[in-house]
Amino acid sequence: MEELENELPIVLDGQVPLGDLLSRVAQAIYAELSELAETLPNMSDGARKRTLADWVVKTKKQVVKLYAITKWARDAETVQKCMNITAFLMNQNQQFEDVMKGLAYAKESLDPARLRNHDLLTSLDVLTTGTYQRLPSGIKKSIISITPLTDAQVVSTLSDMEDAIRYRLRMSEIIPVEMFQHRIANGRVHFSVPKLFETAICLRGAEKNDGWFFVSVKFLITVGGDLTGMQEFPSEPTGVLRRHIADEADLRMTCYLPLLDNPAFAPNPEDPPRPQLPEGTVDAPLVRLFNFLQMMSMSYQLEILCYQAQRMRSLGWADFLKVEMRDGRKTLAVSYWMRPPQPGVPVLAPNRLKLPLHGGTLTISIVEMVNKKAARLPIARMLAELQRKSKLGDMRPSDDVESLQFDVKWEPMKGVLAANIDAEEAIVAVKELAVESDNIDFESMLRKVIEVHTQAILRFYQVQLQRGPVRVFSPEGKVSLVSERGYHSLRVHLCADEVAIVSIDTRTGRLSIRDTGDLAAAGRGPRFSAISDKLNEAPNMLFDVLIRLRFNTITDIVEQKANYLGFQVFRHRNFSKEEIQKLGSAARGMMYIQLANFPTHYLVLVLTDEEFRYALISTKMLSDTMFGNMIMEDIGWLDVRRIRGDRGVGSGMDEVMISSMSHEPLVLQKRKRDDIPSELSRNEDSFNLETQVLRELYAYCCARVAYTRVERQFKLRGIPYTHVNPTITLPQISELGHIQSSLARSVPALCVQSSDILSGAPAAEAAMPNIRVIPLNWWSDKKAQVVTCVKLKYVQQPVGKRAAAGSSSKNIIRPSKRIIYDAAEAVVSFLSEEVDTCVDEFLEEWARVSKMVVIAREVARMAKGNKWPDVRLLSFDLQTVEFAYASDYTVLITCTDQLSPIGGSFELRFSRCAPSPTLLQPSSLAPPQFRFPNHQLRTNPHEEAEPYLRHVLRHGPLAPSLDRLVELLRNTLPIAVELEHMRASSRDTKQSPGRGGRPRIAVKTGTSEPWVDTYVKGLGWWRVLYGDLRHALDFRLMTGQQIAILDASYSLFDSSSSSTSSPSSELLSLLPIPDFKTLVIDAIKSVRIKDEHARVAYIDAGVVCDSSFVSGVARALHERVLKKLRDR
C-alpha cells in the first residue's frame, strides 16, 4: 500500500504549511506589540486605553481563526491523500484522451500518403554502368565541394584586383571631385564623402567591359536629441534596406554595359531596351553612384527628421503639430501651434479677430543648387576640369554630378495671437537654419524657431502695453521682457509686490498668465486658468485683461487686509449706475468697508487707473424697491496724506469734504473745501496700501461718523458747538486709560457752552462754561462711546462708604458705570454707550448728578445752620445722597427717569444709623429709649410713607422742596415713632406685613385682647386700625407742628354745617368709637396731670396737640380706646 501511495502524484495546489502560518501570525502580533510599546507612551490615557482595546479585539479574532485552522489541520493528511488520488485519476483520463486523439490523427494523415513511382531508368543506369548518367549538375555542386583557394592565391587575386582598380581609376574612370578622398584595400575601393556617406565598390573583372558592383555603404550621420527608436535608422543599413541600396547601385553602375552571353542572363523580350550611350559620351558609373548615394543619404536624414517630428506628436504635440511629407518625400513640412477650427461660428464677436489656424510652418526640402559652380570651390572646379580633359579629351561624361542641398524655410503666419510681428526681422533673428548631419535634431530646430517667434510676439505685446490708451503700463519697468535659458516671458508689474507673468506655451502656442506675488496660492490657479482661456479666444484683449487683472489683484489685496483686520468688506453694493457715477468717472472699481458701529456708513476705496481714492459715504436703503436698492446720501473724500502726516492744531478740521447727494436735509455737517483733494504721487507704490494705513482710515471714518452724529444731536436742539484743539488731552483717569489712538491728534474735539446745553437743567450754574464732548472707541472693535467732560465750579466733596467703594485711586471716584469723577480736578466725565443718544443720556445723567449735588449742598448748609443742628450729611457719591434728618433717622435719595415727560422721579430709602451721643440734646427730636428688641428699634417708621414722601421733591425748585421734605420728616417723626411703638407693644400678636399702604393682617394667638395695626393713608396721615376692623384712629399733621388725633369714622371733608361732624360709616365701613368724647377728655386730663403746661385741645372728633406732646396724648387715648373696645 505504501508503494502504491508513493506512485501517486503530490498535489500542493492552494495549500500552505501550518507552521508557516503560525510563524507569520506570531511575528505579526510581536511587531504590533513592539509598535504599541513605542507609540503608547505619547498618547493620552483615553487614547491609550482605546488603542489597546482595539488591538486586543483584532488580535483575538486572528487567534480564534488560527485556532480553528489548527483544528481543521488534523484532517490534512487525509485530504492530501484524496487530492493525490484525484490528480492520478485525472492524469489517467488525460492519457486516454491523448491516445484517442493520436489514433484519429494517424488515420486522417496516413490516408493521402502514397509512394512515388519507381525511377526505372536511373536504376538501369546504376545496374549497367555503375554510376548516375542523368544526375543534375546542381546536385553535384552541392555534394561535391570545390577545392578552396590557398591564402597565397587569395592575396595574389586581391592584389591583381587592386592593381586593376587603381589603373582604371587613374586612367579612365571619371571620379566626382566630392569622392576624391578614397583608399584601395582588400580588393576594393573605399570612397568617403564628408557628412554624406562612405561606400565600398569592386570590379567584376579586369576587362574593359567589366563593370563595378556595390559592396557596402555607411551614412556619415549622428542623431541628436531623443534617441528613442533610433535603432530603426542605423548608420550602416542592413537587411532589406541594404539589398535595396545594393540592387539600385548595381543597376545604376551597369546601365550602359552590355549583357553577358550567358543564356541565363538573356533579356526578357517584354523588358524595355537597355539605354545606349550617345555619341561623343563616355560612361561615368561613379558619377551615377555618387548621385544615388547622395540622394539616399539626404533622404535618410530627412526620414530621421520626419520620425523625430512624429515622435514629438506622440509625446503630447499631436494636437498642436502637423507633419506631412511632400514632393515624393523630398520635402518635410511641419506646422506648429495648430488651433482647432471654431465649430459652427459663422459670425465672430465684435472684439474677436479671425486667428490663423496655425502659428507657422517649418519646411525642410532636398533641392538641387541652381548655380552649380557655386557648389564647388575654385580648386575643386579646376581639378574636375583637369580630370575631364586628361581622361576624356574631347569626349564628355554620360552623367553630371548633382549638387543637392537642404533648403530650410520658416514661414510665420500673420496675426498669430493677434500680434502683427515683422516677419523679415523675425526670420533674420533666427539666423541660419540648417540640417547638420553630425547632429540631426528636429526638436532643437523647431524650438529655436518657436523661441524667436515667441520673443517677437511678446515684444509686440510689450510695445502695445506701453503705448496703450491708458498710461498704466507706460512707466519704465512696468512691462519688461525677461529671457532665462531660452524661456521668454513678459513681466507685468500690477501693483505693490504683485507681478503677472505673460508667457506663450512652446507646445500649444497658447497665452498663459500667472502671478508670482505673495497672494499666489492654489486658490487663484483656477481664476488665472479661466483668464488664460478667455484670452486665447481673443488675444487682442490682452491690455483689457491685464487692466482687469490689475484691479482684481488690488481688490484681492485690499480684501485680504480688510479681512485680516476683521472688517466687513464688500466688492459690490446694490447701487444703481447713476449712484456709482457719483464716485467719479475715473472709478474703475470700488471696495466697500462697512463701519461695524455704524452699518449705514462705508469707507469706500475707489480704484482709479493710477491710485486709490478714499471716500466716506452715508447710505440709505430704498424700501419701495424690489431688491432693496441703496442710494448715497452723503459722500466725503478723505486726504490720507493729511490724516497721517499733518497732525498739527486743527488739522483734522478740513480732512473731509462732505457733499450731499440727496434732496433730503443733510445729516452730516458740510465742510466745504476749495477743491477736491490733490492726487497722491503717482508712482509704483500708489496701490501699496499698508495695513496700518487701512486701519487708521477705518478708525478715522468711525471718528467722523461718531462726531457727525453728535453734531446732529446738537443741531437738532439748536445747541451751537465749536471744534477745539485735539492736542488737549483727556484727564488722566485710569478708567479712561484705553482711550488712545494714533489718530487722536488728527480728530478735533467738540466744545459746547454749559449755558446752551444745560439751559433749563437743574444746577446749571455748577458747571464751568466749556463742556467737551469726545467720542471714544472709534479706533477699536468695541462699541463706540461718547464721553462728556464737565468741570464743576463748586461741589460737595463725596463722602461716605459708597464714595470710597467706587474710588479707583486717591482722587478718582466711579459711582456708576457711566460716571467718572476726578475730585482733584473737579471734572465729571459722563460716559454714553450710544452715540445717537449721547446728548440725551448726558442730560439725564447731569440732571441726576446735578440734583444730587443740589441736595448734598442743601443738606450741608442745613448741617451748618442752627435751625436743625442734628441734620448731618452721611454719604454723597454724585448718584445718591444719604443724610440724617433727625438724630439717627436717615434717608437715602436717588433720582431716575430725569428726561421723562413728567420730569423724573425720586426714590427714598429710610433707615437708621448708629446714634450719636453728642446729638442727643433736650431739643432733639429723638424718641425716648424703649426697652424693645433691637431689630424693632433699628427700623425707620417713615419707610411706609415713602410712596407719598417721594412726591414732595417734585413740586417747585429742588432746594425749597428739600427743606419742605426735611421739615415734614421731622414733624411727622413723633407720629411715626409712636405708632411704631403701638405696633411693637402688641408683641403677643404675630404680624404679617403688607405693602403699599394696605393694612397689616394679624392673627390672634389665643389671647382675648384685640390686636392693633397701623398704616399710612396719605402725606402726614396715619391710621390705627383695631381688631374688629370697624374702629380706627387717624393721626393728621397740621400747620404749626400741630397734630390732630381723630376718630377715623368721621370725615373732615363733610359738607354738613352742623357743629358735630356726622358719621360716614356707610362710606368708610367704620363705626364711631364708643364714648369717644369721654375717652378724649379723660386722656387730656391724664396728660395735664403729668404736665400742666401741655398744649392739648379738645375738638369735636378728637384732640389737637403739639408734636412734642403727641406721644403722651396718643398713648393715653390709645390705652383707653383699647380698654373700651375690650369691655364691650
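Summary of the structure given here.

Criteria and thresholds
- Residues numbered from 1 in each chain as written.
- Predicted model: local features only at pLDDT ≥ 70, side-chain atom pairs only at ≥ 80, totals over all residues.
- Heavy atoms only, no water.
- Pairing = 2+ DSSP bridges.
- Helix = DSSP H or I, 4+ residues; strand = E, 2+ residues; numbered from the N terminus.
- Axes fitted to C-alpha atoms, helices over the stretch in contact; angles between N-to-C directions.
- Contact = heavy atoms within 4.5 Å.
- Phe/Tyr/Trp six-rings, centres within 6.5 Å; stacked < 30°, edge-to-face > 60°.
- Buried < 20%, exposed > 50% of the residue type's maximum accessible area, 1.4 Å probe, protein only.
- Salt bridge = Lys/Arg side-chain N within 4 Å of Asp/Glu carboxyl O.

1. Thoughts on the sheet that holds strand β8 (residues 360-368)
Note: strands within a sheet are paired through backbone hydrogen bonds, in either parallel or antiparallel orientation. One open sheet holds the 4 strands; their spatial order is β6-β7-β8-β10, and the pairing between them is antiparallel. Looking at strand neighbours, the two that pair on one side only are β6 (321-326) and β10 (404-412), the edges of this open sheet. Averaged over all adjacent pairs, the angle separating strand axes in this sheet is 15 degrees, with direction ignored. Note that strand β7 (residues 331-336) and β8 share 6 bridges and pair antiparallel. Bridge pairing links Tyr336 to Gly360 in β8. Along the sheet face, helix α9 (residues 285-317) touches β6, β7, β8 and β10 and points at about 160 degrees away from the line of β6.

2. Brief notes about the packing of aromatic side chains
In total, this model carries 16 aromatic pairs according to the counting rule given. Judged by centre distance (5.2 Å) and plane angle (80 degrees), the ring pair of Phe830 and Phe842 falls under edge-to-face. One end of the pair, Phe830, is in strand β27 (residues 827-832); the other, Phe842, is in helix α20 (residues 838-864), with 12 residues separating them in the sequence. Here Phe830 and Phe842 have matching classes, each one buried. On the basis of an interplanar angle of 75 degrees and a centroid distance of 6.2 Å, the ring pair of Phe830 and Trp846 is categorised as edge-to-face. Placement of the pair is Phe830 in strand β27 and Trp846 in helix α20, with a sequence separation of 16 residues. Among the residues examined, Trp846 registers a relative accessible area of 1% and is labelled buried. Here the aromatic cluster, defined as three or more aromatic residues joined through ring pairs, consists of Phe219, Phe233, Tyr300 and Tyr307.

3. Here's the deal with the pattern of salt bridges
A full pass over the atoms with the stated rule returns 40 salt bridges. Taking the shortest distance from any N to any O, the salt bridge between Glu844 and Arg848 comes out at 3.6 Å. Separated by 4 residues within a single helix, Glu844 and Arg848 lie in helix α20, roughly one turn from each other. For the residue pair Glu844 and Arg848, the accessibility class agrees, reading buried in each case. Between Arg1115 and Glu978 there is a salt bridge whose closest N-O contact spans 3.1 Å. Of the two residues, Arg1115 sits in helix α26 (residues 1110-1127) while Glu978 sits in helix α23 (residues 958-985), which places them 137 residues apart along the sequence. For Arg1115, a relative accessible area of 26% corresponds to the partly exposed category. Put simply, Arg818, Glu841, Glu844, Glu845 and Arg848 are held in one network by salt bridges that share partners.

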